[in-house]
Amino acid sequence: ILVVPALIISSLAQIFVKSSFAKYSKKMSQRNITGTQAAAYLLKVNGITDVKLGRIKGNLTDHFSPSEKVLRLSDSTFDSTSIAAIGVAAHETGHAIQHAKKYFPLTFRKLLVPIANIGSSAGPWLAILGIAMSFPLLTDIGILLFAGSVAFYVVTLPVEFNASKRALKILKQNNIMSEEELKGVKKVLSAAAMTYVGSALVAMANLLRLILVSKNRKR
C-alpha cells in the first residue's frame, strides 16, 4: 500500500522526463549555442573561474562535482544546440553557483553523503535481519541508518529545485533564450525535478514500511 504508489509515481516521472527531453531536444535554440557554450558563458558571468567543463558518456548523465570542481555534460548535451540541452547545462551551472555561494542545503547534503551510502545499502538489510532474529537493537540501528539515506533524498529536493530556479533566472537575465524557449526549458527541468520527488517518496515509503513492520513484531 505504501511502496507501490510511490514506485508508480517514480516510474511515471522517469517516463515524463525522458519524453520532455526528447521533445525539446528536437527544438533548436534561436541563438544556436551549444550546451557547453551556454555553461561556459554562465559560469563566466557569475564570476566562477575555477570550474572546468568536461564530457561524460550517456544520456542525461550531466552532473556537477563540487569536490573536483568539474561540470560534466553528457553526450546529449555537450554539443547540442537544443532547448533541452541548454536548459540542462544551465541547471548544472546552477549547482556550480550554489557551491560558489555556499548554498546551505547543498553543503548539508554533502555531509550526508557518507551516511546515505552506508544507510541505503546496509540499513534495510540490518533492519530486516533484526526483525527476522527478533533482535530489536539491530532493527533500530538498521532503521536509523536507512533514515540517514532518506534524509539525503529529502535534502536533495530543495537543492534541485533551487538549481532549476537559478537556471531559468540566469538564462533570462543574460538573454540566452526567448520567453517561448524558456517555457520549454521549464517543462524539461520540472519533469527532471519530479524524478527526485519520486525517489524521495519511494525512500520514505520504504522507511515507513520498515518502522511499521518493526513495531508489529515488537507487540
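What this report covers is the structure whose coordinates are included nearby.

Cut-offs and rules
- Residues numbered from 1 in each chain as written.
- Predicted model: local features only at pLDDT ≥ 70, side-chain atom pairs only at ≥ 80, totals over all residues.
- Heavy atoms only, no water.
- Helix = DSSP H or I, 4+ residues; strand = E, 2+ residues; numbered from the N terminus.
- Buried < 20%, exposed > 50% of the residue type's maximum accessible area, 1.4 Å probe, protein only.
- Contact = heavy atoms within 4.5 Å.
- Areas by Shrake-Rupley, 256 points an atom, 1.4 Å probe, with all protein chains shown as cover.
- Lys, Arg positive; Asp, Glu negative; His and termini not counted.
- Charge placed at Lys NZ, Arg CZ, Asp CG, Glu CD.
- Core = buried A, V, L, I, M, F, W, Y, C linked by side-chain atoms within 4.5 Å.
- Axes fitted to C-alpha atoms, helices over the stretch in contact; angles between N-to-C directions.
- Parallel < 35°, antiparallel > 145°, perpendicular 65-115°, else oblique.
- Nonpolar A, V, L, I, M, F, W, Y, C, P; charged D, E, K, R; others polar.

Right, let's get into the overall build of the protein chain. Scanning the protein chain from N- to C-terminus turns up 7 helices and 3 strands. When the helices and strands of the protein chain are read in sequence order from the N terminus, they spell out α-α-β-β-β-α-α-α-α-α. Overall, the protein chain is about 65 × 35 × 25 Å in size when its C-alpha atoms are taken along their principal axes. By residue count, 47% of the 219 residues in the protein chain fall in the buried class. For the protein chain, long-range pairs separated by at least 24 residues make up 72% of all intrachain contacts whose partners lie at least 6 apart in sequence. Of the roughly 11,800 Å² of accessible surface on the protein chain, 64% is carried by carbon and sulfur atoms. Computing the positive centroid from 27 side-chain charges and the negative centroid from 11, the protein chain places the two 6 Å apart.

Right, let's talk about the nonpolar core for a bit. If you look at the biggest cluster of nonpolar residues, it comprises 30 residues, and the most contacted ones within it are I86, L171, I176 and M177. When residues of this core are traced back to their parent elements, those giving at least two are helix 1 (3–25), helix 2 (35–45), strand 3 (70–74), helix 4 (83–100), helix 6 (136–173) and helix 7 (179–218). In terms of residue count, the dominant contributor to this core is helix 4 (8 residues). Among all residues touching I86, those that are not within four sequence positions of it are S29, I33, T34, A38, T81, L171, I176 and M177. If you look at the next biggest cluster of nonpolar residues, it comprises 7 residues, including A127, V150, A203 and L207.

Helix 4 packs onto helix 1 with a crossing angle of 120° between their chain directions and a minimal axis gap of 6 Å. Looking at the two axes, helix 1 sits oblique to helix 4. For the pair formed by helix 1 and helix 4, the contact residues are F21, Y24 and S25 on the first element and I83, A84, A85 and V88 on the second. Counted by class, the contact of helix 1 with helix 4 contains 6 nonpolar, 1 polar and no charged residues.

Despite not being glycine, N32 shows a phi value in the positive range, around 55°. By the secondary structure assignment, N32 is in the loop between helix 1 and helix 2. One non-glycine residue, L60, lies in the positive phi region at around 60°. Along the chain, L60 falls in the loop between strand 1 (52–56) and strand 2 (63–65).

Geometric values such as these leave the question of function open.
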